[in-house]
Amino acid sequence: MTFKKGVDPKVFRAIQHVNVEELAKCSEHEIRPVLPCLVRMGLISPLDTSRKCMNMKMTILTIVSGMELVNSIVALLSIDFHKLEIDVKKEQQLRQKGNTLLNDSILIGNLSNTSMALEYERSDMTRRLSILLGELLFIQSQIQDGTESTSDRETYMKSSELFDNDIFAEELSDIICIALAELPTTLNICTIVETLLHVHNGPSIICRIVANFPDSFKEVTTYLIQTGEKQEESISSIIRINAISLICKMNPHQALSIRSKCVELCRMPALAITLSMEHNNKNDICDLESDMVAFISGLLLGNDQAIRNWIALFIRTGQKRKGEVSSNALQQLREELQRRLLHIINASSEGELPDIMVVQASALLRLFCALRGIAAIKFQDEEVNLIVQLLTSHPNPTPAGVRFVSIGLCMLIACPSLILLPEHERRSIEWVQWLVKEEAYFESTSGVTASFGEMLLLMAIHFHSNQLSAICDLVCSTLGMKIAIRNNNMTRMKQVFTQEIFSEQVVTAHAVKVPVTNSLNANMTGFLPIHCIHQLLKSRAFAKHNVNIKKWIYKQICTSVSPLHPVLRMLIEVYVNSIIVPNAKNTEYTNKPLTENEIRKVFQSSIFGQYFDQKQSIFNMEFDLNSEYQDVVVDNTSLTPQLLLLYYLLLYEDCRLNNAHTLAVSGRKIKKYTPEFMSELPIKYLLHHAQKDQSSYSGLFGPLLKLLATHFPHLTLVEDWLDDMAIHTEYKPTHITELSVVEALGETETNPLKCAKLLQLLLKQEAIDIWPFVEIFAQNSRRFLDDNVPRYLQDLYKDVWFRLNTVLPRRLWVLTVNSLVDDFSNLTRIDVAEDPLQIMRCDERVFRCAPMYAIVLRVLRASLASSRSQLMQHLQSNLKLDYSGQVVNESDREDMCRACIAAQASKTSE
């Protein structure tokens, strides 16, 4: 029995590091397994003849001198190993031929008159060594012939008179160690180890071999794992696990590295579990400090699909094969996880989960979800009781507590077997109701933006709309794993959410009261209030229950920043659709659109506020008097709110025009935004901003450009885009005063050099920075028509004009045309955009000045494009039906457009 216990770890550590002082402290019994190594170290002449080495040699001789067994090992070292090596090679060649008997051995000779054990006992050490090597090579030949069965112990284990007698075990180990040391090129240690797996006491002998050759530890253990099974299903795996366990007990510091090798090679999962258990028990690690949960979670939830399949197969097969290696290891794992559950539950006071346990509890629940969803483990009754008891605990309002309840909530849906019993169902429902009541307190106290409140709401919304696949995606995303959840398994949870906790009216009333997410952007993860509002808008729940959601959407848009959150664009699309397109079941259910004043406030709070119409003070007064918008704060550090509102306006107009026929038939009147209001918006500047920062607005730029090309073609002219792309600003921030601009432009004819320097300086600034001088700049346009003005100066003026054209084009057109036309000094943006003939009445000198003509031509082309677009929209909305109520076809509508344009042109010319 003593032989099978293995080698003491301190002895192996001492022999590995050649620490003779530590070896001297060990007893004879402790150093007995490594005696062959010590005797060789003491007797063989070393290459290092330093004083330190000689002292170590003397210490070793002192250690072994009092032991009687040393004499037999010394006798082994006196053998003629050169002659023995020749015989061993002849024996190997003989055994390679196959179909040889034991008595054919060169090393053993003829044993017809006596047994091998008796012959071995009567012989000297030289003869004993030959007999043992002959026996090993004979067993090795049997293994290579493939006559053994890995599943049958009787055929796998080889009968041997030497190895079957425990009395010879220690001496056999000594002889094998000496033979491996003296015949390193003839005998391979891994081959000998494989052979020893098939004999009695093989694992213990292997352990002693590794102890005497500590540098072979990694080689031997890796070989044993590589030649093992992917799933331990046979007797060979039991013996292999026993051997590796003995080796790892001898060197416990390498146990986890051996475990990692099992994972790397995807072999022997039961061994990996056993090593983890033994490592924790050996080091007296408490439940919360051991890495068992992290290890199994890493296997099931890691990125390596092969490892995930490997461990999942082990768990599935371990449940079916009772009494086998995999089943025993799996049961040990389950017992360990149950101990952890009990440890955390016992540390809780009346269901209040202490902060120190919250993270561990979350990890444990997530592991059980993975075991159920990925490895298909079937929970035992005791496990279900403990899981439900832990899951329904009440953590404190901390970020870790929010994470815990989010995992617990998803686990109730992912593992429906937890609420099969009425007692467990009642407890779970009470816990969810507690979450609903405490959600606001948790979010305000924990400081977590995306909390379980939004998840609760989103689950209720999906259950009401019967979007069970969306709930599966929500659960999988929160748990961080892909698991299959059957729809019929969620039937009871659907009833709980829709009937006992959240009715649809309660959901909508609660959703509108949820605070918006401050500084909402794409970097925010988790489930936010915007997800809930988006789903409710899709299901038309707000309109159905007459809940005003406009203010919530408006506030969320106002507080959004870049990079753009992907749901914001979808939210606007659903919102616009719910305003214009009524519900198929009830046409009265629609949401309210944003007003022009509400949109103006956002733009007035940005860098464009001072360039709006002089109605600005009136708008501010309206908002000051309107208490409903007192708490609306616009983020003026980002252009995201303006871009979103621009998308809303364009999408609204597009949807309104596309549904003009339906609206006309139904007689329903909806809001129409005035052309004057649309002309105030810095559309082109916002579009260029989205184009330059496509990493932040990639999901918005494409749809926005498409809508602009349809409804504002004059702002998406090819010439403008090419010119804008050619602009390369050599940005040098310089303070330019309004007085210096007035003086320089006023001296265009008398001092062109001064004016040229100013225009060059303006070209080095960003367009938005020089926009404050646009009125002065446009009012002096006539000065550049004089024949005395250098062409270079006119080209500079044109370049600056095109730079300003990227900010607020319509305003620039009005200012420029007012300056160049004599008869019309009070033109509006609408006049210039929709009446191209007004532009043709400009100063005749324009047509003799190429740079100024390029400016007027650009305005004229934009005006023509705008005029056609406005007429098309007018026809689409007002002339959609002819006098008989029939829909006008597209070709007829085109003819109407051309007729209207011609009529308008002739009327204007008159």
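Nothing here was measured: the structure is a model prediction, and the numbers come from that model. (Residues numbered from 1 in each chain as written. Predicted model: local features only at pLDDT ≥ 70, side-chain atom pairs only at ≥ 80, totals over all residues. Heavy atoms only, no water.)

1. A look at a nonpolar patch on the surface
Taken together, the side chains of Met840, Phe847 and Tyr853 make up a nonpolar region of the molecular surface, amounting to roughly 280 Å² of accessible area. Position of Met840 among the secondary structure elements: in the loop between α48 (836–839) and α49 (850–878). (Patch = residues over 30% accessible without salt bridge, like charges linked within 9 Å, V, L, I, M, F, W, Y side chains within 5 Å. Areas by Shrake-Rupley, 256 points an atom, 1.4 Å probe, with all protein chains shown as cover. Salt bridge = Lys/Arg side-chain N within 4 Å of Asp/Glu carboxyl O. Helix = DSSP H or I, 4+ residues; strand = E, 2+ residues; numbered from the N terminus.)

2. Structural notes on the pattern of salt bridges
By the definition in use, this model includes 28 salt bridges. Across the pair Asp843 and Arg782 runs a salt bridge whose closest N-O atoms are separated by 2.6 Å. With Asp843 in the loop between α48 and α49 and Arg782 in the loop between α44 (774–779) and α45 (791–804), this pair connects stretches of sequence that are 61 residues apart. For Arg782, a relative accessible area of 23% corresponds to the partly exposed category. Taken together, the shared-partner salt bridges connect Arg32, Glu170, Asp174 and Arg208 into one network. (Buried < 20%, exposed > 50% of the residue type's maximum accessible area, 1.4 Å probe, protein only.)

3. Observations regarding the packing of helix α18 (residues 292–301) against helix α21 (residues 355–373)
Where α18 contacts α21, the axes come no closer than 10 Å and their chain directions differ by 40°. Relative to α21, the element α18 is oriented oblique. Viewed along their axes, α18 and α21 form a crossing whose handedness is left-handed. Between α18, through Val293, Ile296, Ser297, Leu300 and Leu301, and α21, the contact on the second element is made entirely by Ala363, Leu364, Arg366, Leu367, Ala370 and Leu371. Of the residues that constitute the contact of α18 with α21, the class distribution is 9 nonpolar, 1 polar and 1 charged. (Axes fitted to C-alpha atoms, helices over the stretch in contact; angles between N-to-C directions. Parallel < 35°, antiparallel > 145°, perpendicular 65-115°, else oblique. Left-handed = near helix turned anticlockwise from the far one by under 90°. Contact = heavy atoms within 4.5 Å. Nonpolar A, V, L, I, M, F, W, Y, C, P; charged D, E, K, R; others polar.)

4. Here we look at the side chain of His534
One can find His534 in helix α29 (residues 529–538). A residue is classified by how much of its surface remains accessible, and His534, at 8% relative accessible area, is buried. Residues within four places of His534 in sequence aside, it is in contact with Val567, Met570, Leu571 and Val574.

5. Observations concerning unusual backbone geometry
At the junction of Ser562 and Pro563, the peptide bond is cis and its omega measures out at -5° in the coordinates. Among the structural elements, Pro563 can be located in the loop between α31 (550–558) and α32 (566–580). Backbone geometry at Glu350 places phi at a positive 55°, although glycine is not the residue there. When you line up the elements, Glu350 lands in the loop between α20 (325–347) and β1 (352–353). A relative accessible area of 79% means that Glu350 is categorised as exposed. Non-glycine residue Arg540 carries a positive phi angle of around 60°.

6. A few points about the confidence of the model for the protein
Chain-level statistics for the protein give a pLDDT mean of 82 and a share of 83% at 70 or above. Counting contacts from residues 612–627, a segment whose pLDDT is below 50, to residues more than four positions away or on other chains yields 20 contacts. Residue range residues 879–910 is modelled with pLDDT below 50. Its contacts to residues more than four positions away, or to other chains, number 38 contacts. (pLDDT = per-residue confidence, 0-100.)

7. Section: the packing of aromatic side chains
Using the criterion set out here, one finds 14 aromatic pairs in the structure. Consider the rings of Phe847 and Tyr853, whose centres lie 5.9 Å apart with planes at 55°: the pair is tilted. The class for Phe847 is partly exposed, based on a relative accessible area of 41%. Members of the aromatic cluster, joined through ring pairs, are Tyr575, Tyr648, Tyr652, Tyr673 and Phe677. If you follow Arg128 out to its NZ or CZ, it ends over the ring of Tyr120, 5.0 Å from the centre. Lying across the ring of Phe295, Arg259 places its NZ or CZ 3.9 Å from the centre. (Phe/Tyr/Trp six-rings, centres within 6.5 Å; stacked < 30°, edge-to-face > 60°. Lys NZ or Arg CZ within 6 Å of the ring centre and 35° of its normal.)

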